[in-house]
Amino acid sequence: MPLAPTRRAHSATVAALRSAGCVFAEEEAALLLAAARTADELAAMTERRAAGLPLEHILGWAEFHGHRTAVDPGVFVPRRRSEFLVERALALAPPGPLVLDLCCGTGALGAAVHRALGAGELHAADIDPAAVRCARRNLAPLGGTVHQGDLYSALPGALRGRVDVLLANAPYVPTAELGLLPAEARDHEPPAALDGGPDGLDVQRRVAAGAPHWLSPGGVLLVETGERQAPRTARVLARHGLLVETSVCGERGAAVVSGTLPAHGGPGGA
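Residues numbered from 1 in each chain as written. Predicted model: local features only at pLDDT ≥ 70, side-chain atom pairs only at ≥ 80, totals over all residues. Heavy atoms only, no water.

Chemist: Help me understand the overall build of the chain in this model?
Modeler: Secondary structure assignment for the chain yields 10 helices and 9 strands. By its C-alpha atoms, the chain is 65 × 40 × 30 Å across when sized along the principal axes. Taken over 270 residues, the chain has a buried fraction of 53%. Excluding contacts between residues fewer than 6 apart, the proportion of contacts in the chain whose partners are at least 24 apart in sequence is 62%. For the chain, the exposed area adds up to about 12,000 Å²; of that, 55% sits on carbon and sulfur atoms. The chain carries 25 positive and 28 negative side-chain charges, and their two centres are separated by 1 Å. (Helix = DSSP H or I, 4+ residues; strand = E, 2+ residues; numbered from the N terminus. Buried < 20%, exposed > 50% of the residue type's maximum accessible area, 1.4 Å probe, protein only. Contact = heavy atoms within 4.5 Å. Areas by Shrake-Rupley, 256 points an atom, 1.4 Å probe, with all protein chains shown as cover. Lys, Arg positive; Asp, Glu negative; His and termini not counted. Charge placed at Lys NZ, Arg CZ, Asp CG, Glu CD.)

Here it is, written out as structure tokens:
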């Protein structure tokens, strides 16, 4: 049973979080109070949050696209801005698609698209064993399959040329800018989920290069990227024969570049 919240416990938790620099101390205190079963557990959770641990790692879940997604310690936390990628995927997806979530982390993106579209096939892949374990917990109830390995090398050959919606929230922070990230990301999330190489596009280039071989004719690759990086990401996708569209949501600071494989050809449809 959760700890029965009191005004005193709430005030003390808010004060501790504010002192640690938590911007949303009131909201976070309410979540911690709802999750804690004892006063000692609340104190321990508050101490961990004040020390900089991501709230989602403490709670064990993140709110994403209207659902709670399990988030294990050390796994990349799905960002609310990535809901824009989900929205773009839903706008472009055919009925009953085969969805693939590459660099899946918790699998939140693939799960959200699959839930919204209903029927279809769901696959995800990540190189990090901890992420794969977490994603399997999230996707198993949806009938999804999670593969472990480096991008497309993780996938069974039977998926080649059949992917209708390919989601890729690959790391896109330039290496030199990793030190500018908030401490909770820098210190508690895997570097491989953040570091995109010198210009932030290293993994995106590999995703784009392989996409035509795995997409179905008319299938679409959707890549989350930085707003200032979006023009370069678009050029990367276009270089591999994809028909490119860039969408930006200024309110959420989100940019998504989509690339559609022409229905009349390309490696995926050969």
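Don't stop here, the text continues.
Chemist: Sorry, what's going on with helix H9 (residues 202-214) here?
Modeler: Think of an α-helix as 3.6 residues a turn; residues three or four steps apart then line up on the same face. For H9, spanning 13 residues, the distance from its first C-alpha to its last is 19 Å, which sits close to the expected 18 Å at 1.5 Å a residue. Taken together, the buried positions of H9 are Val203, Gln204, Val207, Ala208, Gly210, Ala211, Pro212 and Trp214. Looking at the buried residues of H9, the elements they touch are strand E3 (98-102), strand E6 (163-168), strand E7 (215-225) and helix H10 (230-238). (Expected span 1.5 Å × (residues − 1).)

Chemist: Would you mind showing me how to read the sheet that holds E7 here?
Modeler: Whenever strands of a sheet pair, they do so through backbone hydrogen bonds, lying parallel or antiparallel. Across the sheet, which stays open at both edges, the 7 strands sit in the order E5-E4-E3-E6-E7-E9-E8 with mixed pairing between neighbours. Across the chains shown, the open sheet's two edge strands, defined by having one partner strand only, are strand E5 (145-148) and strand E8 (243-249). Here the strands of the sheet are splayed against their neighbours by 20 degrees on average, with no regard to which way each runs. Bridging between E8 and strand E9 (residues 254-260) involves 7 bridges; their strand directions are antiparallel. Bridging from a neighbouring strand, Glu245 pairs with Ser258 of E9. Relative to E7, helix H5 (residues 83-92) is tilted by about 160 degrees, and along the sheet it contacts E6, E7, E8 and E9. (Pairing = 2+ DSSP bridges. Axes fitted to C-alpha atoms, helices over the stretch in contact; angles between N-to-C directions.)

Chemist: I would appreciate a short explanation of the environment of Ala116 in the present structure.
Modeler: Topologically, Ala116 is positioned in helix H6 (residues 108-117). The partly exposed category is assigned to Ala116, whose relative accessible area is 46%. Taking C-alpha positions, Ala116 is 9.7 Å from His65, a pair spaced 51 residues apart along the chain.

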